[in-house]
Every structure is written in structure tokens, then in C-alpha cells.
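Residues per chain, in single letters:
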Amino acid sequence: MLASLQGKEVTIHFIDGTCACDGVLDQIDDKFVKYLTQYQMLVIPITSIRTVSIDSKERQPYRVGFAP
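Being a predicted model, the structure only gives us computed values, none of them experimental.

> What am I meant to see in the overall build of the protein here?
Within the protein, the secondary structure is distributed over zero helices and five strands. Each helix and strand of the protein, ordered N terminal to C terminal, gives the series β-β-β-β-β. Relative to the 2.2 N^0.38 estimate, which gives 11 Å for 68 residues, the radius of gyration of the protein is 16 Å and therefore markedly larger than a compact globule would have. Taking the principal axes of its C-alpha atoms as reference, the protein extends roughly 60 × 25 × 25 Å.

Next comes the structure, spelled out in C-alpha cells:
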């Protein structure tokens, strides 16, 4: 499943509640994932990943206030 995301910009959410964002999945192995950001290269064990998400489109900001 992760192999289909190789080369795409994703956000990785970890089991402990933290996340790594604005990076690209570079290599995927059966035990590790190589994740590249602008500043660092992360080698992440598969067992520490909770979810992987892809931003498909930008979110529109919520409108606040009332129409006259």
C-alpha cells in the first residue's frame, strides 16, 4: 500500500501523536521508510507509523461573521 505513495508529498502521523509534514516518501522497504524534507532525511520504522495522509486539495478558510 505504501509503495503507491512513493515520490508523493505526504504527512506521516506517528503512534505517539507527533507528525512529520512537507516531505516526500523517497524509498519504502518492508521495515523502514525513507522520508525527505527540505532540511532533513528521516529513516522511519514502519512500526512507529499510525497513518499517512495526502493533501488532495487546499482547505478553504472558514468564514466568520454574518451576512447583512
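What follows picks up the thread again.
> What is the right way to read the nonpolar core from this model?
Nonpolar side chains tend to gather and get buried jointly when the protein is soluble and globular. Listed in full, the 10 residues of the largest apolar core are Leu-5, Val-10, Ile-12, Phe-14, Ala-20, Leu-25, Val-33, Tyr-35, Ile-44 and Ile-49. With three residues, the top contributor of residues to this core is strand E1 (residues 9-14). Discounting chain neighbours no more than four positions away, the residues touching Ile-12 are Thr-18, Cys-19, Ala-20, Leu-25, Tyr-35, Ile-44, Ile-49, Thr-51 and Val-52.

> Help me out: how do you make sense of the sheet that holds strand E3 (residues 32-36) in this one?
Paired through backbone hydrogen bonds, the strands of a sheet run either parallel or antiparallel to each other. What the five strands build is an open sheet, ordered E4-E3-E2-E1-E5; its pairing is antiparallel. Either end of the sheet is taken by a strand with one partner, and the two such strands are strand E4 (41-45) and strand E5 (49-53). For this sheet, the mean angle separating the axes of adjacent strands, direction not counted, is 45 degrees. Of the strand pairs in this sheet, E1 and E5 are connected by four bridges, and their pairing is antiparallel. Across the sheet, His-13 pairs through a bridge with Thr-51, a residue of E5.

> Sorry if this is basic, but what is going on with the pattern of salt bridges here?
Here the idea is simple: oppositely charged side chains can pair when their charged atoms come close. Per the stated rule, a full pass over the model turns up one salt bridge. Among the ionic pairs, Asp-26 bridges to Lys-34, the shortest N-O distance being 3.8 Å.

Scoring rules and cut-offs
- Residues numbered from 1 in each chain as written.
- Predicted model: local features only at pLDDT ≥ 70, side-chain atom pairs only at ≥ 80, totals over all residues.
- Heavy atoms only, no water.
- Helix = DSSP H or I, 4+ residues; strand = E, 2+ residues; numbered from the N terminus.
- Rg over C-alpha atoms; globule rule 2.2 N^0.38 Å.
- Core = buried A, V, L, I, M, F, W, Y, C linked by side-chain atoms within 4.5 Å.
- Buried < 20%, exposed > 50% of the residue type's maximum accessible area, 1.4 Å probe, protein only.
- Contact = heavy atoms within 4.5 Å.
- Pairing = 2+ DSSP bridges.
- Axes fitted to C-alpha atoms, helices over the stretch in contact; angles between N-to-C directions.
- Salt bridge = Lys/Arg side-chain N within 4 Å of Asp/Glu carboxyl O.

By themselves, these figures tell us nothing about what the structure is for.
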